[in-house]
Amino acid sequence: MAAENHCDFPVPPVGGLGLGGPGGPCRRCSSAPPPGTVPGKWVRLNVGGTCFLTTRQTLCRDPKSFLFRLCQADPDLDSDKDETGAYLIDRDPTYFGPVLNYLRHGKLVINKDLAEEGVLEEAEFYNITSLIKLVKDKIRERDSKISQVPVKHVYRVLQCQEEELTQMVSTMSDGWKFEQLVSIGSSYNYGNEDQAEFLCVVSKELHNTPYGTTSEPSEKAKILQERGSRM
């Protein structure tokens, strides 16, 4: 008897992975499988509603991982399947992509719009120890670069009268620090006494903020800015 064509890929619904259509054979498997093909080589995963298609060999790279146990039909794992036969995994599909690609080629590739911490969460969930180490190293490298950036300061020169010094010092919060006080003499007579005036130099560390965002000054910072505008 001639061998019947058989497709190991469950036919997905319309809008799925595009491997076939309802009522028709899978385009990849429209011919008989080549000699030596291992049955059940391909595995379908439904991660957070997004389907991934990969090989059993890829998922078994790490024998201690959750995905290895999934492929071995571990009785201790309660794994449900959807209508296409894909294993249901309630995790974020966006961060599963880097995990799956690492298992495919052994390299850690993370898009710029993804946080390393998100990939680390998934690596720890799937218990892929080598990937966990790589992501932690990448996070440490990123943080060390940030810490090595020279600290920038913003300076303000405030003009104030002698009687205003105490009030001005009390409003120096929000990271502002006193740097220098310079006397500029007397400006005018108030009653029988001269009112001395000073230039007060204050500084504040300029912290890095996310691109495209600016922080609004507090009320006390606005007071300092108003006094600085006298100059």
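In this text, all values refer to a predicted model and were calculated from it rather than measured experimentally. (Residues numbered from 1 in each chain as written. Predicted model: local features only at pLDDT ≥ 70, side-chain atom pairs only at ≥ 80, totals over all residues. Heavy atoms only, no water.)

### A closer look at the overall build of the protein chain
The helix and strand inventory of the protein chain stands at seven helices and six strands. Of the regular secondary structure in the protein chain, the N- to C-terminal order runs β-β-α-α-β-α-α-α-β-α-β-β-α. Evaluated residue by residue, the protein chain yields a buried proportion of 32% over its 231 residues. Partitioning the contacts of the protein chain with sequence separation of at least 6, the portion at a separation of at least 24 is 58%. (Helix = DSSP H or I, 4+ residues; strand = E, 2+ residues; numbered from the N terminus. Buried < 20%, exposed > 50% of the residue type's maximum accessible area, 1.4 Å probe, protein only. Contact = heavy atoms within 4.5 Å.)

### Considerations on the pairing of strand β1 (residues 42–47)
The buried fraction of β1 is high, at five of six residues. Pairing of β1 with strand β2 (residues 50–55), which is carried by six bridges, proceeds in the antiparallel orientation. Across the sheet, the residue bridging to V47 is T50, located in β2. Between the antiparallel neighbours β1 and β2 lie two residues, among them G48 with a positive phi of about 60°. (Pairing = 2+ DSSP bridges.)

### Description of the packing of helix α3 (residues 93–105) against helix α4 (residues 116–125)
The geometry of α3 relative to α4 is characterised by a closest axis approach of 9 Å and an angle of 70° between their N-to-C directions. Taken together, the axis directions place α3 and α4 in an arrangement best described as roughly perpendicular. When you trace α3 past α4, the crossing you get is right-handed. Every residue of α4 that contacts α3 at Y95, P98 and V99 is listed here: G118, V119, E122 and A123. (Axes fitted to C-alpha atoms, helices over the stretch in contact; angles between N-to-C directions. Parallel < 35°, antiparallel > 145°, perpendicular 65-115°, else oblique. Left-handed = near helix turned anticlockwise from the far one by under 90°.)

### Here we look at the environment of T50
Looking at the element boundaries, T50 is found in strand β2. Here T50 falls in the partly exposed class, since its relative accessible area comes to 34%. As a C-alpha pair, T50 and I89 span 39 residues in sequence and 9.7 Å in three-dimensional space.

### Observations concerning the side chain of D82
Along the chain, D82 falls in the loop between α2 (66–71) and β3 (87–89). Here D82 sits buried without a salt bridge, and the closest side chain of opposite charge, R44, lies 6.4 Å off (N-O distance). A distance of 2.8 Å separates the side chain of D82 from the side chain of T84, its partner in a polar contact. The residues contacting D82, other than those within four sequence positions of it, are N46 and L88. (Lys, Arg positive; Asp, Glu negative; His and termini not counted. Salt bridge = Lys/Arg side-chain N within 4 Å of Asp/Glu carboxyl O. Polar contact = N/O pair within 3.5 Å; in protein donor to acceptor, adjacent residues only side chain to side chain.)

### A short note on the sheet that holds β2
If you trace the three strands from one edge of the open sheet to the other, you get β2-β1-β3, paired in mixed fashion. Strands at the two margins of the open sheet, each flanked by one partner only, are β2 and β3. Direction aside, neighbouring strands of the sheet carry axes that sit 30° apart on average. The pairing of β1 with β3 spans three bridges and is parallel. Across the sheet, N46 pairs through a bridge with L88, a residue of β3. Across the face of the sheet, α3 comes into contact with β1 and β2 while running at roughly 5° to β2.

### So, the packing of aromatic side chains
If you walk through the whole model with that rule in mind, you get five aromatic pairs. Centroid distance F66 to F125: 5.6 Å. Interplanar angle 45°. Geometry classified as tilted. A residue pair is termed long-range when its members are at least 10 positions apart, and F66 in helix α2 and F125 in helix α4 qualify at 59 residues. Exposure remark for F66: the relative accessible area of 18% places this residue in the buried category. Taking 5.3 Å as the distance between ring centres and 55° as the angle between the ring planes, the aromatic pair formed by F96 and Y126 counts as tilted. On the criterion of sequence distance, the pair formed by F96 in helix α3 and Y126 in the loop between α4 and α5 (129–147) is long-range, its members being 30 residues apart. The buried category is assigned to Y126, whose relative accessible area is 0%. Ring pairing ties together the aromatic residues F52, F66, F96, F125 and Y126, which thus form one cluster. Its guanidinium or amino end placed over the ring of F125, R91 lies 4.0 Å from that ring's centre, counting from NZ or CZ. (Phe/Tyr/Trp six-rings, centres within 6.5 Å; stacked < 30°, edge-to-face > 60°. Lys NZ or Arg CZ within 6 Å of the ring centre and 35° of its normal.)

### A short note on the nonpolar core
L45, L67, I89, F96 and Y126 are the most contacted members of the largest nonpolar core, which totals 28 residues. Where this core is concerned, the elements lending two or more residues are β1, α2, β3, α3, α4 and α5. Core analysis: the second largest hydrophobic core is formed by nine residues, L165, M168, C200 and V202 among them. (Core = buried A, V, L, I, M, F, W, Y, C linked by side-chain atoms within 4.5 Å.)

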